[in-house]
Amino acid sequence: MSASRSIQTISKLAFIAAVFAVGSFITTVQADPYYTWQMENFKIKKPLGGLKGNAERGRQISIAPDKGSCLNCHAMPIPEEPFHGNIGPSLIGVASRLTEGELRLRVVDEKQINPETVMPGYYRHPKHFTLVAEDYEGKTFLTAQEVEDVVAYLLTLK
Ligand code: HEC
């Protein structure tokens, strides 16, 4: 390899390293904010952070084992997934039983309704968490956008 070639390679590598460094800096700085929410009559009427949900993304989040993993406990109209749990009630037709605000509270913090529930509070205030893995310290299980996506999906289950 000629000297100028290897200098070129080194500067390319340095450039790539710089891009990565800047990239991880940006992700750290833009950590998701925690939007406070208000419960009224066992409903959270306002979308978290005023965000708009996307039902198709919500369906994927419900399946994803590292996100909602709702299928561990609930049956849902997701035929391509073989396992549907029955620890919780079936969510098929849930939007004809519960309103948007009621669904949002259940995803955000089911413990407000049933303090003994095994359902995770996906957007419970991080100060309520005890004994969480370091990766989750100060974080919610789902972001506000992900909660809104899941709510948008649940609303399609009429
Ligand atoms: C570890 C089990 C578990 C997981 C995971 C779980 N849930 Fe639940 N869920 C329950 C149980 C149990 C109930 C019944 C009510 C209670 O325990 O308070 C429930 C209740 C609900 C209800 C109210 C249903 C009704 O008919 O009243 C909704 C809506 C719901 N869950 C949505 C979800 C969604 C969406 C996810 C994924 C983001 C999820 N759950 C993940 C256990 C779970």
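We now turn to the structure provided with this report. (Residues numbered from 1 in each chain as written. Predicted model: local features only at pLDDT ≥ 70, side-chain atom pairs only at ≥ 80, totals over all residues. Heavy atoms only, no water.)

1. Some words on the nonpolar core
Applicable threshold: Nine residue types can take part in a nonpolar core, namely buried Ala, Val, Leu, Ile, Met, Phe, Trp, Tyr and Cys, and a core is a set of them joined through side-chain atoms within 4.5 Å. Working definition: with a 1.4 Å probe on protein chains only, accessible area under 20% of the residue-type maximum means buried, over 50% means exposed, and in between means partly exposed. A helix here means a DSSP run of H or I that spans at least four residues, while a strand means a run of E at least two residues long, and both kinds are numbered starting from the N terminus. In this description, contact between two residues means that some pair of their heavy atoms is separated by no more than 4.5 Å.
Judged by nonpolar contacts, the single largest core of 26 residues is most densely connected at Met76, Val147 and Leu154. Contributions of two or more residues to this core are made by helix 2 (55-63), helix 3 (100-109) and helix 4 (144-154). Top element by residues in this core is helix 4. It accounts for 6 residues. In this view, Leu154 contacts Met76, Leu91, Val94, Ala95, Leu103 and Val107; residues no more than four positions away in its chain are not counted.

2. Here's the deal with the environment of His84
Operational definition: Whenever two N or O atoms come within 3.5 Å, that pair is a polar contact, provided that in protein one can donate a hydrogen and the other can accept it, and provided that, for residues adjacent in sequence, both atoms are side-chain atoms.
In this structure, His84 sits in the loop between helix 2 and helix 3. Between the alpha carbons of His84 and Ile63 there is a distance of 9.9 Å; along the sequence they are 21 residues apart. If near-sequence neighbours (up to four positions away) are discounted, His84 is found in contact with Leu71, His74, Ala75, Met76 and Ile78. Here the side chain of His84 touches Ile78 through a polar contact of 3.1 Å, landing on its backbone oxygen. Among the polar contacts made by the side chain of His84, one reaches the main-chain carbonyl oxygen of Glu81 at a distance of 3.0 Å.

3. So, the packing of helix 2 against helix 4
Rule in force here: For helices, the fitted axis covers only the stretch in contact; all axes are lines through C-alpha atoms, and the angles between them, taken along N-to-C directions, range from 0 to 180 degrees. Every angle not falling under 35 degrees, over 145, or within 65 to 115 is termed oblique; those three ranges are roughly parallel, roughly antiparallel and roughly perpendicular. In this classification, Asp, Glu, Lys and Arg are treated as charged, Ala, Val, Leu, Ile, Met, Phe, Trp, Tyr, Cys and Pro as nonpolar, and every other residue, Gly included, as polar.
Interaxial distance between helix 2 and helix 4 falls to 7 Å at its minimum, and their mutual angle equals 100 degrees. Between helix 2 and helix 4, the crossing angle belongs to the class labelled roughly perpendicular. Along the contact surface, helix 2 presents Ala55, Arg57, Gly58, Arg59, Ile61 and Ser62, while helix 4 presents Gln145, Glu146, Asp149, Val150, Ala152 and Tyr153. Within the contact of helix 2 with helix 4, the residues separate by chemical class into 5 nonpolar, 3 polar and 4 charged.

4. What about the pattern of salt bridges?
The line we're drawing: Only one rule defines a salt bridge in this text: a Lys or Arg side-chain nitrogen within 4 Å of an Asp or Glu carboxyl oxygen.
In the structure shown here, the tally under the stated rule is 6 salt bridges. As a salt-bridge pair, Arg104 and Glu100 come within 2.6 Å of each other at their nearest N and O atoms. Of this pair, Arg104 and Glu100 both sit in helix 3, 4 residues apart, which is roughly one turn of that helix. Take Arg104: its relative accessible area is 0%, and that puts it in the buried class. With a relative accessible area of 34%, Glu100 lands in the partly exposed category. For the salt bridge of Arg104 with Glu148, the shortest nitrogen-to-oxygen distance reads 2.9 Å. Of this pair, Arg104 sits in helix 3 while Glu148 sits in helix 4, placing them 44 residues apart in sequence. Of the two residues, Arg104 and Glu148, both sit in the buried class.

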